[in-house]
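The primary structure of each chain is shown beneath.
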Amino acid sequence: MNKRERLEEITRLVHKKGTIRISEIVDLLNVTDMTVRRDFGELEDKGILTKIHGGARSNKAFQLREFSHSEKHVQNIEAKRSIATKAAQLIEDGDTIFLGPGTTVACLAEAITNPKLTVMTNCLPVFTILSHKKSEDFQVYLLGGEWRAVTESFVGEMTNTLLENMHFNKMFFSGNAVKENDIMTSTLTEAYTQRLALKHSLEKYLLIDASKIGKEDFTTFCHLKDVTAVISEQLTDEEHYRYLTAYTEVISE
């Protein structure tokens with residue numbers, strides 16, 4: 001194995017595992033400790049990983065900063081619109097649904113065309129989009145509570161108290177990261193509100209684009225095995241597809 005192949009293999013391994021120890025690379029690639037340290041230094045200079053004590057951490061593996069709703073809105077927008085189109089096809093007239101926070105869910109709000117629907121959301125941008133859809137049988141409600149500026153949504157005790165008395169036949173939600181069986185977000189308060197809405201929903205659909213797969217965030221609020229299906233854009237990475245289908249149904253075509 002030449003140097004280029006070795007660097008490619010280290011990159012693949014660290015992105016797959018999130019963190020990796022020097023001793024693992026030494027054993028797997030049959031190279032010296034010093035060689036691995038030099039390779040880590042080169043890959044760190046390229047922005048691929050960050051050296052940590054005894055190993056390295058993938059720069060793709062953990063979301064170090066939660067992006068705001070407006071920042072996320074322009075990221076992977078075509079993938080999000082593709083996901084939204086697929087999700088909208090699962091909504092039927094007369095449904096009572098919950099839409100969680102997130103820009104992919106906001107794209108779904110734009111894609112909804114049903115004239116008869118009851119929608120609950122704790123996300124202000126989602127509510128704003130839906131409030132312009134005028135129909136006598138189209139009802140949309142915004143759940144108030146503690147304002148969370150980053151995601152432009154409401155969380156906390158007031159929101160949760162309202163959710164305790166509500167039930168939905170479908171919920172469409174997103175997350176910041178999906179790693180193995182875990183669906184993750186950035187704060188405990190938002191995680192609890194999402195978890196509560198999921199508990200009160202019969203069908204649960206995760207809307208997630210490929211950039212979130214294999215990453216980690218602060219806290220887990222749901223598991224892939226517990227969702228009805230994952231809705232994603234057409235996945236070009238077969239490993240991503242196998243990753244998700246190991247736990248649940250995937251709608252990506």
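Note: the structure precedes this text.
Just so it is clear, the model here is predicted, and its values are computed rather than measured.

Calculation rules
Residues numbered from 1 in each chain as written. Predicted model: local features only at pLDDT ≥ 70, side-chain atom pairs only at ≥ 80, totals over all residues. Heavy atoms only, no water. Core = buried A, V, L, I, M, F, W, Y, C linked by side-chain atoms within 4.5 Å. Buried < 20%, exposed > 50% of the residue type's maximum accessible area, 1.4 Å probe, protein only. Helix = DSSP H or I, 4+ residues; strand = E, 2+ residues; numbered from the N terminus. Contact = heavy atoms within 4.5 Å. Patch = residues over 30% accessible without salt bridge, like charges linked within 9 Å, V, L, I, M, F, W, Y side chains within 5 Å. Areas by Shrake-Rupley, 256 points an atom, 1.4 Å probe, with all protein chains shown as cover. Salt bridge = Lys/Arg side-chain N within 4 Å of Asp/Glu carboxyl O. Phe/Tyr/Trp six-rings, centres within 6.5 Å; stacked < 30°, edge-to-face > 60°. Axes fitted to C-alpha atoms, helices over the stretch in contact; angles between N-to-C directions. Parallel < 35°, antiparallel > 145°, perpendicular 65-115°, else oblique. Nonpolar A, V, L, I, M, F, W, Y, C, P; charged D, E, K, R; others polar. 1 Å grid on protein atoms, 1.4 Å probe; cavity = no way out; pocket = protein on both sides within 12 Å on 5 of 7 lines; lining within 4 Å. Points joined across faces, edges and corners; volume = space filled by probe spheres on them. Domains from an automatic or database assignment.

Participant: What should I look at first to understand the nonpolar core in this one?
Facilitator: Nonpolar side chains tend toward joint burial in soluble globular proteins. By size, the foremost hydrophobic cluster in this structure holds 26 residues, and its most contacted members are L99, L108, I112, L130 and F172. Of all elements in the fold, only α5 (77–88), β4 (96–99), α6 (103–111), β5 (117–121), α7 (124–131), β6 (138–142), β12 (201–207) and β14 (229–231) reach the threshold of two or more residues within this core. Look past the residues within four positions of L99 in its chain and what remains in contact with it is V105, L108, I112, V119, M120, T121, N122, V126, L130 and F172. Core analysis: the second largest hydrophobic core is formed by 25 residues, L143, C222, V230 and L244 among them.

Participant: Looking at this model, I keep getting lost on a nonpolar patch on the surface. Mind explaining?
Facilitator: Among the surface-exposed residues, L124, L142 and W147 lie close enough to one another that they form a single nonpolar patch of about 240 Å² accessible area. On the secondary structure map, W147 appears in strand β7 (residues 146–148). On the basis of relative accessibility, which here comes to 41%, the residue W147 falls in the partly exposed class.

Participant: When you look at the packing of aromatic side chains in this model, what are you seeing that I'm missing?
Facilitator: The description of an aromatic ring pair uses the distance of the two centres, along with the angle that the planes make with each other. Summed over all chains, the structure comprises four aromatic pairs. Aromatic side chains F98 and F168 sit 5.3 Å apart centroid to centroid with 50° between the ring planes, which places their arrangement in the tilted category. On the criterion of sequence distance, the pair formed by F98 in strand β4 and F168 in strand β9 (residues 168–173) is long-range, its members being 70 residues apart. A relative accessible area of 1% means that F98 is categorised as buried. A residue is classified by how much of its surface remains accessible, and F168, at 3% relative accessible area, is buried.

Participant: Explanation requested: the packing of helix α1 (residues 3–17) against helix α3 (residues 33–45) in the structure shown.
Facilitator: When two helices pack together, their arrangement is captured by the angle between the axes and the distance separating the axes. Where α1 meets α3, the axes come as close as 11 Å, and the angle between the chain directions of the two elements is 75°. Considering the angle they form, α1 stands roughly perpendicular to α3. Two secondary-structure elements touch here, α1 through K3, R6, L7, I10 and T11 and α3 through T35, D39, F40, E42 and L43. Partitioned by chemical class, the residues of the contact of α1 with α3 number four nonpolar, two polar and four charged.

Participant: Looking at this structure, I do not really get the environment of I20. What am I missing?
Facilitator: Mapped onto the elements, I20 comes out in strand β1 (residues 19–21). Here I20 falls in the buried class, since its relative accessible area comes to 2%. Once residues lying within four places of it in the same chain are set aside, the contact partners of I20 are L13, V14, I25, F40, G55 and A56.

Participant: What should I look at first to understand the layout of surface pockets in this one?
Facilitator: Taking a probe equal in size to a water molecule and rolling it over the atoms shows the remaining empty space. Quantified by volume, the largest pocket comes out at close to 420 Å³. H15, K16, I213, G214 and H240 are the residues nearest the centre of the largest pocket, which is lined by 15 residues in total. Going through the elements one at a time, α1 and α10 (238–245) are the ones with two or more residues in the lining of the largest pocket. Within the lining of the largest pocket, the residues separate by chemical class into three nonpolar, four polar and eight charged. Split by domain, the residues of the lining of the largest pocket number at least three in each of domain 1 (3–62) and domain 2 (69–251).

Participant: Help me out: how do you make sense of the pattern of salt bridges in this one?
Facilitator: Where side chains of opposite charge bring their charged atoms close, a pairing between them can arise. Counting across every chain of the model gives 14 salt bridges. We note a salt bridge from D39 to R6, for which the minimum N-O separation is 2.5 Å. Of this pair, D39 sits in helix α3 while R6 is found in helix α1, placing the two residues 33 residues apart along the sequence. Comparing D39 with R6, the two get one shared label, buried. Here D33 and R37 are joined by a salt bridge, their closest N and O atoms 2.6 Å apart. With D33 and R37 both in helix α3, this residue pair falls four residues apart, about one helical turn. One salt-bridge network, in which partners are shared between bridges, spans K3, E42 and K46.

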